[in-house]
Every structure is written in C-alpha cells, then in structure tokens.
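Structural description and commentary
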Amino acid sequence: MTDLIKLSAADLGGLLADGSVSSVEVTRAHLDHIAAVDTDLHAFLHVAADAALATADRVDARRAAGERLGLLAGVPIAIKDVLATRDMPSTAGSKILEGWIPPYDATVVKRLRDAHLIPLGKTNMDEFAMGSSTEHSAYGPTRNPWDQERIPGGSGGGSAAAVAAFEAPIALGSDTGGSIRQPAAVTGSVGVKPTYGGVSRYGAIALASSLDQVGPVSRTVYDAALLHDVIGGHDPLDSTSLTDPWPSMAAAARAGLADGALKGIRIGVVKELHGDGFQAGVKQRFTETLALLAAAGAEITEVSAPNFEYSVAAYYLILPAEASSNLARFDSVRFGLRENPTDGPVTIERVMAATRDAGFGPEVKRRIILGTYALSTGYYDAYYGSAQKVRTLIQRDFDAAFEKVDLLVSPSAPTTAFKFGEKLADPMAMYLNDITTIPANLAGIPGMSLPMGLAPEDGLPVGLQVMAPAKQDARLYTFGAAVEQLLETHWGHTLLSRAPALAPLEMFASEEGVL
Amino acid sequence: MSGITAEQVAHLASLARIDLSPEEIASLTIDLGQIVESVKKVQEVATPDVPATSHPMPLTNVFRDDVVVPSLTVEQALSGAPDRDGDKFRVPPILEED
C-alpha cells in the first residue's frame with residue numbers, strides 16, 4: 001500500500017475518483033500522522049478528527065452512489081486559523097478569541113466544503129497574522145519540520161509546516177506581507193499570494209484590508225493551482241473582490257509541463273532583492289536556478305526597482321494603521337474575551353481597556369500603538385500619507401519592470417529558517433526579513449514561492465519567489481510548474497523527500513511492513 | 001531620535017483602549033522610537049507631486065441590489081457574546097456613577 005500521506009492532492013484525487021482508496025482511509029492516514037507528530041510540531045491549534053471522518057464518510061457515500069465529484073473531492077485540507085469556520089474555533093492565534101466559534105463560514109471555507117474537501121483542523125499562526133515566525137502565536141510556536149529548533153516562518157507557519165510534514169496535502173493561508181510565501185520558502189513547500197481581490201476575504205479575520213489576500217499552500221505547484229481554482233473568483237460578499245473571469249490555474253500549471261515551456265520567457269531579476277544582506281547559500285541557489293532557467297531557454301535580464309528600498313518602511317506604517325482600525329472590533333461586547341478591571345469603577349470603557357490589555361499579545365499591542373500614532377492628528381500626512389505615496393512609487397516600479405519582462409524573480413526570503421528567539425528582541429530585524437515579499441502586497445500583484453534547493457551551509461530549504469503583473473496569476477502557475485519540473489529533474493528527487501523523518505517509530509513500522 | 005515620550009505612548013494607549021502597565025509603556029516607548037525612526041524614511045521620496053495610493057486595485061461604487069437577503073439570526077449573532085440580556089448584548093454601565 002502506498003504511503004497515502006506522501007501523495008499530492010492531485011494524486012489522491014485520482015485514487016479517490018477511481019475508487020482505489022476511500023476518503024475515510026485518506027483522512028484517517030492524515031489524522032494518524034497528525035496524532036504521531038503534532039505534539040512536537042504544533043502546526044495545528046485544533047484538529048477536528050471526528051468531523052473530518054464523518055465528512056469523509058459522506059463523500060465516500062456520494063461517490064458510491066455514482067455522483068461525479070470535483071478533482072479534490074475527498075482530499076483533506078488544513079485551514080489557517082485566521083479563517084472563520086462555523087464548526088471549529090477561529091482564534092487568529094489570539095487569546096482574545098480563545099474558543100470563539102463563528103456563526104458563519106468564510107467564503108473560501110464554504111467553497112472547500114462545496115467542493116467536498118475534508119477540513120482536518122485549524123493551523124497555528126502569529127497572533128492576528130502579525131509576525132514572520134509563529135513566535136507571536138498566543139498558543140506557542142510551530143516548529144519547522146526540517147529543524148525543530150527553528151521557526152517555520154510566519155504568519156502562516158502552521159499551514160506551511162502541516163503540508164511540509166505531510167500532515168495535510170494542502171492548506172489555506174493568508175498573505176498580508178508574505179505570510180504565505182515566506183513560510184513556504186523556509187519549509188520547502190509551495191505558497192501563492194493571488195492578485196488582490198482574486199480570492200474572497202469574506203470571513204478572513206482582517207489584519208490590513210488593503211493588503212490581505214487568501215491563497216493556497218501545498219507541496220506542488222499543480223496542487224496549489226487546483227486549490228486556487230476551488231477558492232478563487234468573484235464573491236459578492238467581499239466588496240474588494242474582482243469580477244473578472246479567471247482562467248483555470250490547473251490548466252495553466254499543466255501547460256508548464258510541456259517541452260519548451262520556458263523557451264523565450266522574459267525573466268527579470270530584481271536588482272534590489274538579492275545581494276547584500278542575503279545569506280550566501282540563498283544567493284548561491286538563486287544564481288544556480290537562474291543558470292538552469294537560461295539553459296532551458298528563458299531570457300534573463302536584471303531590472304531595477306529603486307523604490308523597493310522604501311517598501312518595508314511604507315508597509316510598517318500602512319499595516320499598523322489599518323490594523324489599529326480593524327482590531328477596534330475586539331471591544332468585549334459582541335464576541336471574544338471580556339475582562340473586568342482589577343480595581344476602580346466597572347464602566348464599559350475600562351472593561352474594554354482591561355480586555356484588550358489581557359487579550360492582546362506584545363506584538364499586537366506594539367502595532368496598534370504604532371498605527372494609532374501614524375494616524376494621529378499632526379502625524380497623518382508625514383507618516384501614513386507618505387507611505388501611501390511610496391505605494392504609488394512601488395506600483396510604478398513594477399509597471400516599468402513588467403514593460404520589459406513577463407515575470408520577476410527573487411529569493412523568497414533573505415535567509416533560511418532562523419532559530420527561535422533570534423529576532424524576537426528586535427522588532428525592526430524581524431520586520432526587515434519581509435523585504436522580498438512586501439512589494440507584491442503593496443502593489444496588489446500575485447506572487448508565488450517554490451523550493452529551489454537547500455542552502456549548503458545549513459541544509460535548510462531556500463525559496464524562489466516569482467511575481468507576475470496584476471491578474472496574471474495563471475502565468476505564475478505555468479512558469480512555477482515548469483521551474484519545479486526543471487529543478488526536480490536536475491535534483492532527481494523532490495526537495496521535501498530530503499526532509500528528516502519526524503516519527504521514527506512510524507518509519508520503522510512501515511519499513512518492516514507493519515503498516 | 002524621534003522623541004517619542006512615555007506620556008505620548010500612554011496617551012496613544014488610552015486612545016487605543018489598551019490598559020498598558022508602566023513596564024509595557026516603558027518598553028513600547030523604546031520600540032516605538034526605534035520603529036518611527038526607521039519608517040520615517042518614507043518621507044525621503046514622498047514628494048508633493050506623487051499621488052497617494054490607498055488601494056492596490058481601485059474599485060468604485062461596489063453596490064448590490066437593495067433586496068432583503070438572509071442574515072444571521074438573533075441566536076447566531078449572540079452566540080459569541082460575553083454577556084446577554086434576552087435578545088440583546090449586555091454591557092457594563094457606559095457612564096460612571098458619581
């Protein structure tokens with residue numbers, strides 16, 4: 001029997017469709033693996049084992065009755081805890097929402113259910129998606145499956161670790177400044193931030209509304225494309241949702257597997273997003289990947305985006321400003337925590353302040369205070385207003401670059417996974433880590449991270465970031481699938497097949513034919 | 001330095017309705033000073049001729065038809081409330097008694 005947890009979502013979908021395996025078997029295999037490894041890893045905040053098996057059983061019954069279901073029907077999926085689920089707690093990694101079960105599903109979650117996917121549970125994240133390491137989760141960090149002393153990236157470290165550790169074939173993430181792409185890079189998995197407005201945010205607990213975007217997390221580019229097709233498209237419940245018709249991302253990914261798919265593609269290397277400050281092994285794998293692309297017929301040129309240097313500064317004004325407004329909803333009245341002040345009169349204002357003190361962690365407080373400052377009378381133009389102007393300049397840099405090239409590439413992150421605690425004491429050091437991913441969010445364009453090797457000095461995964469013009473998400477999938485095929489042919493294996501085994505007992509058992 | 005004072009941080013905390021401890025105010029004063037010093041770099045290129053962008057994909061007048069659609073029931077809306085009184089959210093007094 002094949003090890004079901006090692007299969008891609010696409011392959012599982014094939015086996016489910018032809019009746020080789022049942023969704024209950026596939027779901028149980030993943031739940032067993034979660035039970036074996038997640039005590040250490042802590043990718044999940046909530047595992048819905050019974051509900052998942054019951055849903056799987058219903059999907060099996062529909063198939064048995066002869067119903068033709070979608071390509072991912074019966075395939076398990078993990079859901080980032082930022083998304084509202086009517087049958088599971090939705091905390092966004094915060095104590096202020098501990099145990100909260102929303103009365104409705106996020107649109108993307110509803111679409112998963114409609115396509116008969118099997119929600120396994122909710123994945124860990126930095127509180128309200130503020131962070132690059134999951135160290136800011138109120139429920140403790142997630143560990144990187146490649147090295148458990150290191151961060152899995154953030155904010156969506158739980159979703160990335162879950163797919164990298166074979167706890168789920170695919171997952172949902174959200175990306176405000178890199179929260180899908182950077183965790184993908186440091187865990188050797190794939191993550192896509194769609195075009196702003198390409199995927200509904202209805203039911204996604206808001207961080208910064210002009211930047212947030214929901215997207216797929218997976219082990220292969222094709223799986224990300226299949227999931228994108230399920231969750232994408234217009235949603236009347238999200239006023240920022242684009243009404244454009246979208247091509248099939250799965251078809252776009254399949255097109256990338258054709259011979260000569262890379263021939264003549266114009267690739268721009270962003271001068272400002274590699275070089276100084278980037279780890280040697282990251283630079284080395286990036287240079288090698290560019291050489292492979294050139295050998296496969298891609299035209300590589302360097303492009304300059306001079307204003308990217310201001311992107312982190314702009315982002316850390318815009319994000320806190322929007323977050324300070326969005327998080328005003330946590331007021332102890334309608335849902336979430338209520339905490340009374342320890343002394344003095346119990347008025348609603350004092351209860352609100354006591355609740356927000358008790359319910360928010362240090363990074364959330366830091367960003368709310370920063371955002372409140374940036375929006376204050378007398379400072380608004382100098383900070384928030386200036387940051388919005390930088391946003392225009394960054395869009396212009398992208399426009400100029402995309403006049404010359406089809407796609408832009410850079411390393412997905414300046415370094416491989418860093419150790420827990422390494423950047424915790426210095427907020428600016430943590431923020432600067434987002435330099436590669438932030439520009440795409442500021443401009444609203446789509447971006448993907450896929451594995452491009454292991455850094456020689458530490459043996460940890462390195463990610464390639466690919467960016468396309470707004471609404472050209474399909475181009476990312478075609479190119480991403482082509483690059484993935486090129487690299488895996490070159491290596492002779494997938495990157496994740498090199499990851500250390502997490503459950504030695506399980507491994508011995510399967511080697512001895514017990515499982 | 002950007003000259004962020006503890007008094008300013010305490011004022012911001014009261015605007016943001018977060019009951020910060022003196023220790024939190026002290027450490028946030030340092031953090032905020034450093035972050036503001038770093039992010040004010042945006043002013044170098046934010047010249048008057050550059051228009052501001054508030055939204056990456058500008059959309060205007062996103063309306064739907066003015067028809068009644070299903071919404072949350074009272075029970076659903078109150079399902080996460082910390083306290084309730086019948087069909088209403090129950091809150092502490094708004095005004096302090098003298």
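Residues numbered from 1 in each chain as written. Chains lettered and ligands numbered in written order. Predicted model: local features only at pLDDT ≥ 70, side-chain atom pairs only at ≥ 80, totals over all residues.

This is how the line gets drawn: UniProt positions are given in the numbering used here, feature names are shortened, and annotations may be inferred rather than shown by experiment.
Under an unreviewed UniProt entry, the name given to chain B is Aspartyl/glutamyl-tRNA(Asn/Gln) amidotransferase subunit C, and the organism recorded is Cryobacterium tagatosivorans. The UniProt entry for chain B carries the following comment under Subunit (unreviewed entry): "Heterotrimer of A, B and C subunits."

For chain A, an unreviewed UniProt entry supplies the name Glutamyl-tRNA(Gln) amidotransferase subunit A and the organism Cryobacterium tagatosivorans. Its UniProt record, at the heading Function (unreviewed entry), says of chain A: "Allows the formation of correctly charged Gln-tRNA(Gln) through the transamidation of misacylated Glu-tRNA(Gln) in organisms which lack glutaminyl-tRNA synthetase. The reaction takes place in the presence of glutamine and ATP through an activated gamma-phospho-Glu-tRNA(Gln)."

**A few points about the overall build of chain A**
Using the following cut-off: Helix and strand labels come from DSSP, where a helix needs a run of H or I of at least four residues and a strand needs a run of E of at least two; each type is numbered from the N terminus. C-alpha atoms define the radius of gyration, and 2.2 Å times the number of residues to the power 0.38 defines the globule rule. Any residue surrounded by 20 or more other C-beta atoms within 10 Å of its C-beta is treated as buried, while 12 or fewer makes it exposed and the intermediate range makes it partly exposed; C-beta atoms here are placed from the backbone. This entry defines residue contacts through backbone-placed C-beta atoms, with two residues in contact when those atoms are within 7 Å.
Looking only at helices and strands, chain A has 17 helices and eleven strands in total. Since a compact globule built from 515 residues should have a radius of gyration of about 24 Å, the 22 Å found for chain A is in line with a globular shape. If you line up chain A on its principal axes, its C-alpha atoms span 65 × 55 × 45 Å. Per-residue burial over chain A gives 62% buried out of 515 residues. Of the contacts formed within chain A by residues at least 6 apart in sequence, a portion of 76% connects residues at least 24 apart.

**A word on unusual backbone geometry**
Put simply, A:Gly154 and A:Ser155 share a cis peptide bond, and its omega is 5°. As for its position among the elements, A:Ser155 is in the loop between strand E3 (118–123) and helix H5 (157–164). At A:Lys471, a residue that is not glycine, the phi angle is positive and equals roughly 70°. Here A:Lys471 is to be found in the loop between strand E11 (461–467) and helix H16 (473–491). Within the chain, B:Asn61 stands out as a residue other than glycine whose phi angle is a positive 50°. Looking at the element boundaries, B:Asn61 is found in the loop between helix H2 (22–39) and helix H3 (74–78).

**So, the interface of chain B and chain A**
Inclusion rule: Under the scheme applied here, ten amino acids are nonpolar (Ala, Val, Leu, Ile, Met, Phe, Trp, Tyr, Cys and Pro), four are charged (Asp, Glu, Lys and Arg), and all others, including Gly, are polar.
On the chain A side, the residues contacting the 47 residues of chain B number 57 residues. Ranked by residue count, the leading element in the side of chain B that touches chain A is H2(B), at eight residues. Of the residues assigned to the side of chain B that touches chain A, the class counts are 30 nonpolar, nine polar and eight charged.

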